[in-house]
Amino acid sequence: MTAPAETDELTDFFGRYGTALTTGDVAAIARCHALPGLVVSDSYSFTFSSPAAVALSFLGAAPAYRENRIVAAHAQLLAVQRLSTALTLVSVEWEYLDDQGSAVPGERYRYLIRTGADGPLITTVIATR
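Nothing here was measured: the structure is a model prediction, and the numbers come from that model.

**Regarding the nonpolar core**
The tendency in soluble globular proteins is for nonpolar side chains to be buried side by side.
Phase 1: Phe14, Tyr17, Trp94, Tyr111 and Ile113 are the most contacted members of the largest nonpolar core, which has 30 residues in total.
Phase 2: Elements with a contribution of two residues or more to this core: helix 1 (4-23), helix 2 (26-31), helix 3 (51-57), strand 3 (70-82), strand 4 (87-98), strand 6 (108-116) and strand 7 (119-128).
Phase 3: Take this core: its biggest share by element is 6 residues, from helix 1.
Phase 4: Other than its neighbours up to four places away in sequence, phenylalanine 14 contacts Ala75, Leu77, Val90, Val92, Trp94, Tyr111 and Ile113.

Put into structure tokens, the structure is as follows:
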């Protein structure tokens, strides 16, 4: 179980992250990740060990959002599981809006978050269904 303050902090964090994703602010995206970091999906896995590597891995995201006319991303926190003092596993369903204000089907991910003096940071991203 997580405290409401922790859930609020994670909601704020994913709000900033979603804004960075949809605006193509790769520097802000990089600041949301702990290093080294890991991304895992059914067909690939990769790691990054520098802010520049994080930024490079997300360079294609903003054009894809623009191509699909997505202007906003909202993270709906489906589950928040405290694993330790610093680690939390967060299940997120992204809800997207296009430039007409219509909902666009989202994606689901699990994020392993490490919270320290700098606040929450993503250590691992797992693509889920």
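**A closer look at the environment of alanine 79**
Phase 1: If you trace the backbone, alanine 79 turns up in strand 3.
Phase 2: Relative accessible area serves as the criterion here: at 39%, alanine 79 is assigned to the partly exposed category.
Phase 3: Each C-alpha atom, one on alanine 79 and one on phenylalanine 46, is 25 Å from the other, the two residues being 33 residues apart in sequence.
Phase 4: Aside from chain neighbours lying at most four places away, what touches alanine 79 is Leu89, Val90 and Ser91.

**Focus: the packing of aromatic side chains**
Phase 1: Under the criterion given, the structure shown has 10 aromatic pairs.
Phase 2: Look at tyrosine 17 and tyrosine 111: their rings are 6.3 Å apart centre to centre, the planes differ by 85°, and that puts the pair in the edge-to-face class. Placement of the pair is tyrosine 17 in helix 1 and tyrosine 111 in strand 6, with a sequence separation of 94 residues. For the pair shown, tyrosine 17 and tyrosine 111 are each scored as buried.
Phase 3: Aromatic pair tyrosine 109 and tyrosine 111: ring centres 6.0 Å apart, planes at 45°, arrangement tilted. The exposure classification of tyrosine 109 matches that of tyrosine 111, with both residues buried.
Phase 4: Each member of the aromatic cluster is reached from another via a ring pair, and the members are Phe13, Phe14, Tyr17, Trp94, Tyr109 and Tyr111.

What counts, and at which threshold
Residues numbered from 1 in each chain as written. Predicted model: local features only at pLDDT ≥ 70, side-chain atom pairs only at ≥ 80, totals over all residues. Heavy atoms only, no water. Core = buried A, V, L, I, M, F, W, Y, C linked by side-chain atoms within 4.5 Å. Buried < 20%, exposed > 50% of the residue type's maximum accessible area, 1.4 Å probe, protein only. Helix = DSSP H or I, 4+ residues; strand = E, 2+ residues; numbered from the N terminus. Contact = heavy atoms within 4.5 Å. Phe/Tyr/Trp six-rings, centres within 6.5 Å; stacked < 30°, edge-to-face > 60°.

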